[in-house]
Amino acid sequence: MEPENMPTAPEMAKIVSLCQRRGFIFQSSEIYGGLSSCWDYGPLGVELKRNIKEAWWRANVIQRDDVAGIDSSILMHPKVWEASGHIQGFSDPLVECKACNQRFRADHVWVLAVKDAGHDVQGYISTLEPADLIRKAVDFSNRLPEHLRVAESEQAKRFGKKDLLQNLTSEIAKIPCPACEVVGKLTEPRQFNLMFKTHMGPVEEQANVVYMRPETAQGIFVNFQNVLNSTRKKLPFGIAQIGKAFRNEITTGNFIFRSREFEQMEIEFFVKPGTEEEWLNYWLERRLKWYVDLGIKAESLRLRKHQERELAHYAKACYDVEFVFPMGWAELEGIASRGNFDLTQHANASGKDLSYYDEESKEHYLPFVIEPSAGVDRSVLAFLCGAYAEEPDKDETRVVLHLHPNLAPVKVAVLPLSRKDPLVEMAKDVQVNLRTLFPTQYDDAQSIGRRYRRQDEIGTPLCVTVDFQSLEDNQVTIRDRDSMSQIRIPVAVLVETVFKKLGGEDFLTLPPGGSVVKVEKE
Ligand code: ATP
């Protein structure tokens, strides 16, 4: 895409500041100086995050006959991770600086050094002068903000990590430490497991080691037969799960984009071998549409197909759904065609038969799987960035989040024009009426203009103003966040008008009980 047509994203600092200021997201353990790469969702953030998960669950489970949900435990039998390959393979080689004791991803150090020297990584060994490399690498690493380093390490994956690391091992003595710049103190790359370990039971013995799951997917695979037997589903069918995952990531950063504790929304969609390509295309289209339906601009999304050399040996194809985050294009969701690798591994390791009996063809086989795997936190960041705007408002600028009504943490704000009594009483009645169906906020502090601004900034789609005239004519004003237009309507039709304005039958609302209310068409 030409640079002038590149979709833009707001600055990360603005998003972080808004999140902190208005109670979307805080640094974890902030009063103790914070815990790196862990985040707490505040009163508005928790609503936004719940709304995203609810919208995903509704689209992928509730509204489909061919997907069932589960909620598996975070701690699983250690053999699960042996069979899945995570214990052997889910590790990033690290180098450590003997001078300053900092650790870095080996591929990261390497690509930084080589790319800035103006060489393609593959061709480096034969062409580059080591002295030149060292000088440039020092300059380059010092200049580089953290988010670019992440992007560089993504490049490393694309170049083929294995070759890169073999070359790095032989060249490591010439590369300066990215932090302290001392040359010759980096160790050889060493494996470092990204899974968090803990102990089951009070005695800390090696025999009791368990892992915090690094993905929710394996909880789905090991329950394949349970779901199949209990639901009597026929292929093709999927199992969906939303839950926490933990990865001891080496390079974290970019706010909630890459953290050590995060949430995933994953589907394993099981299909008859031979039909996987058609289902992969189906899910690519379907997942992109989900983001667009919820307000992300199509031009801010793209699909990146993994090169052959990037694919795991068992994978048939893999795509990243990428979004223009403030630091550039980066993965929001991965959609992979994984063959029957996982079921085969678990069947062999557990000795259990995990095959499917196909009544039509009268044969047993292990289904193939398509895996759309999205990050909840990355979705939160994408929806915030996609919704953020600074717009002229009279002589000033307003900050507004154009969040889809289904995602907005607060749907309607009730604003009495004054704090005087008969008005407050009426406004409170209006709020009580509205909040049986919509999350509301009552705000009577400061001028009405300021209150509109506060609601715009947190993405509230509608504000209902109660004024002195309302006491006389029983009418209130509804102000629309996006157009800033206002209409006056009788209180008697307020609830249904708000409903229609929030999207009518497409509007998703959650009463206190938590189950989805189906809004009937009038
Ligand atoms: P990356 O290449 O960015 O490390 P990945 O390819 O390892 O991601 P997957 O294993 O495919 O990621 O996980 C699926 C989704 O989970 C990702 O698309 C992302 O949205 C989310 N995810 C993965 N790791 C993290 C993390 N450390 N922090 C937040 N979200 C994450």
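Above this text is the structure in question.
All figures in this text were calculated on a predicted structure; none of them were measured in a lab. (Residues numbered from 1 in each chain as written. Predicted model: local features only at pLDDT ≥ 70, side-chain atom pairs only at ≥ 80, totals over all residues. Heavy atoms only, no water.)

## Looking at the nonpolar core
Then comes step 1: Grouped together as the largest cluster of nonpolar side chains are 60 residues, with contacts concentrated most on Phe24, Trp290, Tyr291, Phe325, Leu381 and Phe383.
Then comes step 2: Residue contributions to this core peak at 8 residues, all from helix α14 (residues 376-387).
Then comes step 3: In contact with Phe325, not counting residues within four places along its chain, are Ala9, Phe257, Ala330, Glu331, Leu332, Arg378, Leu381 and Ala382.
Then comes step 4: By size, the runner-up hydrophobic cluster in this structure holds 20 residues, among which are Ala427, Ile489, Val491 and Phe507. (Core = buried A, V, L, I, M, F, W, Y, C linked by side-chain atoms within 4.5 Å. Buried < 20%, exposed > 50% of the residue type's maximum accessible area, 1.4 Å probe, protein only. Helix = DSSP H or I, 4+ residues; strand = E, 2+ residues; numbered from the N terminus. Contact = heavy atoms within 4.5 Å.)

## Section: the side chain of Glu263
Then comes step 1: Looking at the element boundaries, Glu263 is found in strand β9 (residues 261-271).
Then comes step 2: Within the structure, Glu263 has its side chain in polar contact with the side chain of Lys49 (distance 2.8 Å).
Then comes step 3: Those residues within four positions of Glu263 in sequence are excluded, and the remaining contacts are Lys49, Lys53, Ile242, Gly243, Lys244, Ala374, Gly375, Val376 and Asp377. (Polar contact = N/O pair within 3.5 Å; in protein donor to acceptor, adjacent residues only side chain to side chain.)

## Considering the pattern of salt bridges
Then comes step 1: Inspection of the entire model under this criterion finds 25 salt bridges.
Then comes step 2: Measuring nitrogen to oxygen at the nearest pair gives 2.8 Å for the salt bridge that ties Arg302 to Glu322. You can see Arg302 sitting in strand β10 (residues 301-305) and its partner Glu322 sitting in strand β11 (residues 317-325), a full 20 residues away along the chain.
Then comes step 3: Exposure remark for Arg302: the relative accessible area of 34% places this residue in the partly exposed category.
Then comes step 4: The residue Asp456 makes a salt bridge to Arg398 at a minimum N-O spacing of 2.9 Å. Of this pair, Asp456 sits in helix α16 (residues 448-458) while Arg398 sits in strand β17 (residues 396-401); the two residues are 58 residues apart in sequence, bridging distant segments of the chain. An identical accessibility class is assigned to Asp456 and Arg398; each is buried. (Salt bridge = Lys/Arg side-chain N within 4 Å of Asp/Glu carboxyl O.)

## Concerning the environment of Ala317
Then comes step 1: Considering the arrangement of structural elements, one finds Ala317 in strand β11.
Then comes step 2: Sequence spacing of Ala317 and Glu277 is 40 residues, and the spatial spacing of their C-alpha atoms is 8.8 Å.

## Let's talk about the sheet that holds strand β21 (residues 475-480)
Then comes step 1: Strands sit in the order β19-β18-β20-β21-β22 across an open sheet of 5 strands; the sheet is mixed. Whereas interior strands pair on both sides, the edge strands pair on one side only; in this sheet they are β19 (440-442) and β22 (486-490). The sheet shows a mean angle of 25 degrees between the axes of neighbouring strands, direction not considered.
Then comes step 2: Direction of pairing for β21 relative to β22: antiparallel, over a ladder of 5 bridges. (Pairing = 2+ DSSP bridges. Axes fitted to C-alpha atoms, helices over the stretch in contact; angles between N-to-C directions.)

## Focus: the site of the ligand
Then comes step 1: The local shell around the ligand holds 16 residues, among which Glu249, Arg258, Ser259, Glu331 and Leu332 are the closest.
Then comes step 2: With respect to the ligand, the side chain of Glu331 contributes an N or O atom lying 2.6 Å from an oxygen atom.
Then comes step 3: Contact between the ligand and Gly375: an oxygen atom at 3.1 Å from a main-chain N or O atom of the residue.
Then comes step 4: Burial of the ligand by the protein amounts to 86% of the accessible area it has alone, namely 590 Å².
Then comes step 5: Here the shell around the ligand takes 4 residues from strand β12 (residues 328-337), the largest share from any one element. (Near = heavy atom within 4 Å. Areas by Shrake-Rupley, 256 points an atom, 1.4 Å probe, with all protein chains shown as cover.)

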